[in-house]
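# An overview of the molecular structure
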Amino acid sequence: MAFNDINIDALKRKIDEVKRFLSISLSISNAHTVDFYTRAVWSTFMRVSPEEVLCAVSSTQDRMEAIEGESSVKVLAPDEFMNCKKAHEVQAMSEAVASLAKCCRVKQVIDVGSGKGYLCSFLSMRFNLQVFGIDSSSTNTHGAQERNRKLKKFSKAYQKPNTAPRKQPLDSEEESKQHSSNFENTDGYKNSVTKEKGRFEAQAEISALSKQVTNDLSASDNAPECQLDPNDSDSGSSFLSLLSLDVIEDISPRVHPSHLSLQEREKRKRENLERKAREGRENNSDDRLFSPLTSYVTAETELKTLITELQDAVLVGLHTCGDLAPSTLRMFRAKQELRAVCSVGCCYHLLSEEFDQDRQRCVDAVCGFPMSQYLKAQACFCGRNARMSACLALERVSAGGGLPMESLFYRAVLHVILRDHYDCFKSEKRVGNVYSKASSFVDYVRRALRKLDLDDTKLSDGDIQSYHEHYSPRMNEMVAFNMLKVILAPCIEGLILLDRLCYLKEQDNVSHSALVQLFDPLQSPRCYAVIGIKESTV
């Protein structure tokens with residue numbers, strides 16, 4: 001998928017094509033695995049045998065593996081995956097953001113949903129940008145502040161792109177951590193982005209960015225594997241070696257101010273005031289890495305109340321969760337001081353949908369999908385299960401990553417037992433983590449029943465095992481059906497991303513917009529960025 005400076009009429013035609021296909025296949029993605037046997041999902045949706053589907057999928061997998069090559073599969077090694085993933089994302093996105101800042105002649109970057117500050121620190125040290133990281137989690141903000149303190153002594157070295165950072169004296173604990181991190185990150189990847197010059201009829205700076213970001217970055221998925229040289233400051237690996245596994249954070253849920261008590265809101269304000277006072281005492285514009293802020297932001301948030309020194313800036317979001325990605329784009333449209341945006345979303349299952357009858361209430365009556373007037377006029381919706389399916393990673397499965405089929409199979413058969421013996425289909429309690437603790441199917445069912453506060457003594461071990469034996473021959477149905485959901489995942493993700501791109505193209509104040517692939521999908525499945533640039537005011 002690459003939509004680089006496509007005009008809005010052509011974009012709408014592409015959206016229509018995706019919608020026509022999904023009108024037939026979306027019901028497959030919306031089918032829940034839990035209901036697979038209780039609702040006879042296979043016979044309801046399919047008119048061919050599971051063997052036919054698996055044969056077709058296997059042929060597709062073979063072709064994709066031949067294209068990807070053996071080197072791509074190596075990134076799935078569990079002992080290095082997380083570090084490689086974060087290094088790959090930070091380097092690739094920082095290149096795009098730095099190009100946007102240069103094009104728009106700005107020195108400030110606002111990172112929404114900044115977490116613990118990977119991207120913020122990298123942008124500040126490597127590209128000499130003033131970065132403000134905003135996150136709704138005070139835990140993440142405090143973590144970013146601590147990392148800011150530890151990395152400050154390296155900042156000046158990284159602001160000189162051809163100068164390796166001088167080794168600073170560390171205490172024994174810090175030295176041990178750095179040595180361990182250096183070892184873990186030597187197999188990372190450096191984003192390989194070609195630079196070519198082109199010219200639109202628009203301004204020279206914007207046309208250069210359009211070539212570099214929209215065309216060249218979209219081709220980065222064809223770049224060969226390359227090793228990061230830990231002694232090469234230009235590769236950025238020395239910085240990345242300082243980021244150990246303990247700072248890789250889980251996505252924290254956003255907490256809307258309306259859900260906070262008065263005391264909690266006052267606490268947030270007080271923390272931000274204290275932070276600004278502390279920065280005034282300890283930092284100056286030459287050695288400050290970045291400024292972490294704790295705040296829930298929407299398109300209506302007045303940024304100047306959070307950032308008193310706000311100037312024209314680039315707005316970024318790296319794997320912003322659920323509705324935060326569309327909120328980032330709405331903020332970009334609404335704030336004149338935001339000159340460009342680079343947004344990579346994730347967690348589509350947490351998006352709110354305006355036209356889904358089963359949807360939860362949208363915050364401030366603003367929903368995450370659809371964004372564009374084009375799809376709003378068609379009352380377009382996907383459904384939560386389909387959006388959950390959009391998070392599946394086709395490239396990883398094609399490269400041998402596989403799906404947790406046994407755990408899905410256990411859960412579906414458990415649902416049959418609940419129907420037959422406990423007169424219940426659904427429960428407010430989740431049992432997903434029971435599988436990892438269970439030694440067998442019988443143990444799994446008993447643990448699940450107890451977690452659901454149900455009497456497991458109603459069934460003997462033999463009764464439970466008989467369900468496993470009855471449905472095991474039909475497990476291939478579930479495997480085939482879930483492979484179909486994996487194959488459909490890019491279509492659903494594509495519709496969501498094309499809607500966001502269409503939204504930008506509908507705005508009069510956005511001069512250029514594109515959907516580009518920033519990351520290798522094997523390392524980072526949510527690999528597409530929505531990029532926009534506003535009309536120049538110069």
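Residues numbered from 1 in each chain as written. Predicted model: local features only at pLDDT ≥ 70, side-chain atom pairs only at ≥ 80, totals over all residues. Heavy atoms only, no water.

Before going further, it helps to spend a moment on the overall build of the protein. Secondary structure assignment for the protein yields 21 helices and eight strands. Of all 538 residues assigned to the protein, the portion counted as buried reaches 52%. In the protein, once contacts between residues fewer than 6 apart in sequence are set aside, the share between residues at least 24 apart is 77%. Within the structure as shown, the protein displays about 25300 Å² of accessible surface, and the carbon and sulfur contribution to it stands at 49%. (Helix = DSSP H or I, 4+ residues; strand = E, 2+ residues; numbered from the N terminus. Buried < 20%, exposed > 50% of the residue type's maximum accessible area, 1.4 Å probe, protein only. Contact = heavy atoms within 4.5 Å. Areas by Shrake-Rupley, 256 points an atom, 1.4 Å probe, with all protein chains shown as cover.)

For helix 21 (residues 475–505), built from 31 residues, the straight-helix expectation of 45 Å at 1.5 Å per residue is met to within 8% by its first-to-last C-alpha distance of 46 Å. Its axis deflected by about 35 degrees at Leu488, helix 21 carries its strongest bend there, up to four residues before the proline Pro490. Most of helix 21 sits out of view: 25 of its 31 residues are buried. (Expected span 1.5 Å × (residues − 1). Bend = angle between axes of the 7 residues up to and from the residue.)

Most peptide bonds are trans, and most residues other than glycine sit at a negative phi. Of note, the amide linkage connecting Phe369 to Pro370 takes the cis form, showing an omega dihedral of -5 degrees. Structurally, the position occupied by Pro370 is in the loop between strand 6 (338–346) and helix 15 (373–376). A positive phi angle, close to 50 degrees, is found at Ala40, a residue other than glycine. Looking at the element boundaries, Ala40 is found in the loop between helix 1 (8–30) and helix 2 (41–45). Under the relative-accessibility criterion, Ala40 is labelled partly exposed at 31%. If you check the backbone angles, His319 has positive phi at about 55 degrees while not being a glycine. Turning to its location among the elements, His319 is positioned in strand 5 (residues 313–321).

Moving on, we get to the packing of aromatic side chains. Across all of its chains, the model carries 10 aromatic pairs by this definition. Centroid distance Tyr37 to Tyr471: 4.8 Å. Interplanar angle 45 degrees. Geometry classified as tilted. With a gap of 434 residues between them, Tyr37 in the loop between helix 1 and helix 2 and Tyr471 in helix 20 (residues 461–471) connect regions that are remote in the sequence. When the centroid spacing of 6.5 Å and the interplanar angle of 50 degrees are considered together, the rings of Phe409 and Tyr410 count as tilted. Each member of the pair, Phe409 together with Tyr410, is buried. Members of the aromatic cluster, joined through ring pairs, are Phe36, Tyr37, Trp42, Phe45, Phe409, Tyr410, Tyr435, Phe441, Tyr444, Tyr471 and Phe481. The ring of Tyr422 carries the charged tip of Lys458 above its face, separated from the ring centre by 4.6 Å. Just above the ring of Phe332 sits the side chain of Lys534; from NZ or CZ to the centre is 4.8 Å. (Phe/Tyr/Trp six-rings, centres within 6.5 Å; stacked < 30°, edge-to-face > 60°. Lys NZ or Arg CZ within 6 Å of the ring centre and 35° of its normal.)

Summed over the entire model, instances satisfying the criterion amount to nine salt bridges. We note a salt bridge from Glu354 to Lys376, for which the minimum N-O separation is 2.6 Å. Of this pair, Glu354 sits in the loop between strand 6 and helix 15 while Lys376 sits in helix 15; the two residues are 22 residues apart in sequence, bridging distant segments of the chain. Judged by relative accessible area, Lys376 falls into the partly exposed class, the value being 21%. (Salt bridge = Lys/Arg side-chain N within 4 Å of Asp/Glu carboxyl O.)

Per-residue confidence for the protein gives a mean pLDDT of 75, with 66% of residues at or over 70. The low-confidence segment residues 67–82, where pLDDT is below 50, has 25 contacts with residues more than four positions distant or belonging to other chains. The low-confidence segment residues 162–252, where pLDDT is below 50, has 170 contacts with residues more than four positions distant or belonging to other chains. (pLDDT = per-residue confidence, 0-100.)

Once that is clear, we can look at the packing of helix 18 (residues 405–422) against helix 21. Viewed as axis vectors pointing N to C, helix 18 and helix 21 meet at an angle of 120 degrees, and their least axial separation amounts to 10 Å. Considering only the axes of helix 18 and helix 21, their crossing is right-handed. Between helix 18 and helix 21, the contacting residues are Met405, Glu406, Leu408, Phe409 and Ala412 on the first element and Met475, Met478, Val479 and Asn482 on the second. Residue composition of the contact of helix 18 with helix 21, by class: seven nonpolar, one polar and one charged. (Axes fitted to C-alpha atoms, helices over the stretch in contact; angles between N-to-C directions. Left-handed = near helix turned anticlockwise from the far one by under 90°. Nonpolar A, V, L, I, M, F, W, Y, C, P; charged D, E, K, R; others polar.)

With 18 residues, helix 18 should reach 26 Å at 1.5 Å per residue; the first-to-last C-alpha distance of 25 Å fits that figure. Directly beyond the C-terminal end of helix 18, a positive phi value near 50 degrees is found at Asp423.

Core analysis: the largest hydrophobic core is formed by 79 residues, its most contacted members being Met93, Ile110, Val314, Cys342, Leu495 and Leu518. Other than its neighbours up to four places away in sequence, Ile110 contacts Phe132, Ile134, Leu303, Ile307, Leu310, Ala313, Val314, Leu315, Val316 and Leu338. Of all hydrophobic cores here, the second largest spans 42 residues; its members include Leu414, Val445, Leu449 and Ile464. (Core = buried A, V, L, I, M, F, W, Y, C linked by side-chain atoms within 4.5 Å.)

With that settled, consider the state of the cysteines. All told, the structure shown has zero disulfides when counted by the stated rule. Cysteine Cys391 remains unbridged, with the sulfur of Cys347 as its closest cysteine sulfur at 6.3 Å. (Disulfide = S-S within 2.5 Å.)

Taken together, the side chains of Arg384, Arg430, Lys437 and Lys451 present a region of like positive charge at the surface. Inspection of the secondary structure puts Lys437 in the loop between helix 18 and helix 19 (441–451). (Patch = residues over 30% accessible without salt bridge, like charges linked within 9 Å, V, L, I, M, F, W, Y side chains within 5 Å. Lys, Arg positive; Asp, Glu negative; His and termini not counted. Charge placed at Lys NZ, Arg CZ, Asp CG, Glu CD.)

Of all eight residues that make up strand 7 (residues 510–517), seven are buried, and the element is covered over most of its length. Relative to strand 8 (residues 528–534), strand 7 runs antiparallel, the two being bridged by seven bridges. Following the sheet pairing, Ala514 is matched in strand 8 by Ile531. (Pairing = 2+ DSSP bridges.)

This paragraph deals with the side chain of Asn482. Its location among the elements puts Asn482 in helix 21. Among residues more than four places away in sequence, those in contact with Asn482 are Thr33, Leu403, Met405 and Leu408.

Taken N-terminus to C-terminus, the directions of helix 18 and helix 20 make an angle of 125 degrees; their axes are 10 Å apart at the nearest point. Our classification of the angle between helix 18 and helix 20 gives oblique. Here helix 18 runs over helix 20; the crossing is right-handed. Each of Phe409, Tyr410, Val413, Val416, Ile417, Arg419, Asp420 and His421 in helix 18 lies in contact with helix 20, whose residues at this interface are Tyr467, His468 and Tyr471. (Parallel < 35°, antiparallel > 145°, perpendicular 65-115°, else oblique.)

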